[in-house]
Structures are given as C-alpha cells and as structure tokens.
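Single-letter residue listing:
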Amino acid sequence: MENFRDPSNPQYNQRFLTTEELEERLHRHGDPCVASEDCLLIKLSARLDNIRCLSFNLKRNPIVYITNTLERYLPLADATSNVRLHYLASAIRSEANTFLG
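Below is a short write-up of the structure.

Cut-offs applied
Residues numbered from 1 in each chain as written. Predicted model: local features only at pLDDT ≥ 70, side-chain atom pairs only at ≥ 80, totals over all residues. Heavy atoms only, no water. Helix = DSSP H or I, 4+ residues; strand = E, 2+ residues; numbered from the N terminus. Expected span 1.5 Å × (residues − 1). Bend = angle between axes of the 7 residues up to and from the residue. Buried < 20%, exposed > 50% of the residue type's maximum accessible area, 1.4 Å probe, protein only. Core = buried A, V, L, I, M, F, W, Y, C linked by side-chain atoms within 4.5 Å. Contact = heavy atoms within 4.5 Å.

Attention now goes to helix H3 (residues 62-78). End to end, H3 covers 23 Å across 17 residues, agreeing with the expected 24 Å (1.5 Å per residue, within 8%). Of all the bends in H3, the greatest, near 30°, is centred on Leu-70. Listed in full, the buried residues belonging to H3 are Pro-62, Tyr-65, Ile-66, Thr-69, Tyr-73, Leu-74 and Ala-77.

Quick look at the nonpolar core now. Residues Leu-40, Leu-44, Ile-51, Ala-77 and Ile-92 are the most contacted members of the largest nonpolar core, which totals 16 residues. Every element with two or more residues in this core is listed here: helix H2 (32-52), H3 and helix H4 (83-100). With sequence-adjacent residues up to four places away left out, Ala-77 is seen in contact with Leu-40, Leu-44, Leu-85, His-86 and Ala-89.

Mapping Arg-47 onto the fold places it in helix H2. Given a relative accessible area of 12%, Arg-47 falls into the buried group. Between the C-alpha atom of Arg-47 and that of Ile-66, which follows or precedes it by 19 residues, the distance is 8.7 Å. Look past the residues within four positions of Arg-47 in its chain and what remains in contact with it is Tyr-65, Asn-68, Thr-69, Tyr-73 and Ile-92.

Take a look at the structure:
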C-alpha cells in the first residue's frame with residue numbers, strides 16, 4: 001500500500017473507476033451474460049454496503065431503499081445459478097431483516 005502513497009509512482013494520481021464506469025466496461029468488453037452477472041454482483045455488493053450503513057442516515061427513505069432492493073435486484077440474483085449472487089442475496093435479506101426488525 002505504501003507504493004500508492006509515493007508521488008513518483010505513476011499510479012499515484014490515478015482515479016479509481018466508479019461503479020457505473022466499471023459496469024460500462026464490463027458490458028462493452030465481456031460476454032453479455034457474464035457481464036450482466038458481474039454487474040449485478042457489483043450492484044448487490046454496493047446495495048449490501050449501503051444497507052449496512054443505513055443506521056448512519058445515508059438515505060432519505062431507507063424503507064423504500066430496502067424495498068426496492070428486495071423487489072428489484074434480489075429476484076435477478078435468485079434467477080441465476082451464480083453462487084456468489086445467492087450469497088449476497090442472503091446477506092442482503094439478513095441485513096434488511098435486522099434493519100426492519
């Protein structure tokens with residue numbers, strides 16, 4: 001990690017990709033099925049992180065955010081055979097139940 005803090009390193013000022021840019025690259029260069037699963041993996045990971053941080057008032061309406069995640073994204077994950085997506089879906093359901101009570 002120290003290597004990235006060194007101004008002489010060519011990657012010192014490199015900007016990290018946003019989720020949207022990474023999704024675009026995956027769609028442009030990859031197999032559509034694999035790319036869409038990779039994009040969903042990224043999206044679910046971001047959603048899980050946001051749900052875990054809802055107690056810090058990051059979202060204006062956390063109930064709507066959780067409901068949208070459960071209704072829109074988790075059925076997509078359940079429809080695949082990707083084990084990682086199933087694991088994320090399970091973790092999101094667990095965190096949503098923790099938040100909603």
